Amino acid sequence: MTFSLTITTAETSAAEALAQAKADGLARALDLLAAAAAEITGQVPQAERDSWATKAVAARAYLADAASADQLAMLQAEAAITGEAVADLAAAIVAMADAYASIAAQLAGQRRKTRAAIEVATTPAQVQAALAALDAALITLGAG
């Protein structure tokens with residue numbers, strides 16, 4: 001009969017636990033940030049969200065009387081469906097783009113801050129503290 005004995009030191013166990021806590025913490029941070037973004041964007045399909053930057057550029061150009069024919073056609077097509085005046089649609093798009101840009105910057109900053117805190121954590125408790133700080137920050141997102 002052959003036996004295999006694996007001895008794990010407390011130091012090795014602690015290092016493995018910290019590595020797992022960091023991996024889980026990073027995944028949890030991304031989940032929290034994705035949920036916060038989804039609360040802001042609502043149930044908007046990704047394909048539509050992908051068009052937001054293009055629409056914002058077109059709306060800004062329209063409001064500056066500098067829209068290309070393609071930009072004007074895009075705005076007119078949406079306005080025809082919604083029944084809005086193109087000027088009102090363009091103003092709404094710019095307002096929403098500005099608000100979203102501010103929140104997106106906050107989300108990116110929180111992601112980077114949390115990632116850095118998790119990466120330098122020396123204990124699983126510090127990882128949890130970084131997640132708690134992120135959670136608290138997300139509660140007040142956009143309030144400042």
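Residues numbered from 1 in each chain as written. Predicted model: local features only at pLDDT ≥ 70, side-chain atom pairs only at ≥ 80, totals over all residues. Heavy atoms only, no water.

### Some thoughts on the environment of Leu 32
Next, step 1: Tracing the sequence through the fold places Leu 32 in helix α1 (residues 10-41).
Next, step 2: Sequence spacing of Leu 32 and Ala 132 is 100 residues, and the spatial spacing of their C-alpha atoms is 11 Å.
Next, step 3: Contact partners of Leu 32, with chain neighbours within four places excluded, come to Leu 131, Leu 134, Asp 135 and Leu 138. (Helix = DSSP H or I, 4+ residues; strand = E, 2+ residues; numbered from the N terminus. Contact = heavy atoms within 4.5 Å.)

### Quick notes on the environment of Met 96
Next, step 1: Inspection of the secondary structure puts Met 96 in helix α5 (residues 86-120).
Next, step 2: Along the backbone, Met 96 and Trp 52 are 44 residues apart, and their C-alpha atoms lie at a distance of 9.4 Å.

### Quick look at α5
Next, step 1: Compared with an ideal rise of 1.5 Å per residue, which puts 35 residues at 51 Å, α5 spans 50 Å between its outermost C-alpha atoms and is within 8% of the ideal.
Next, step 2: Every buried residue belonging to α5 is among Val 86, Leu 89, Ala 90, Ile 93, Val 94, Ile 103, Leu 107, Gln 110, Thr 114 and Ile 118, and all of these are buried.
Next, step 3: Turning to α5, the residues buried within the fold contact α1, α3 (52-63), α4 (69-82) and α6 (124-139). (Expected span 1.5 Å × (residues − 1). Buried < 20%, exposed > 50% of the residue type's maximum accessible area, 1.4 Å probe, protein only.)

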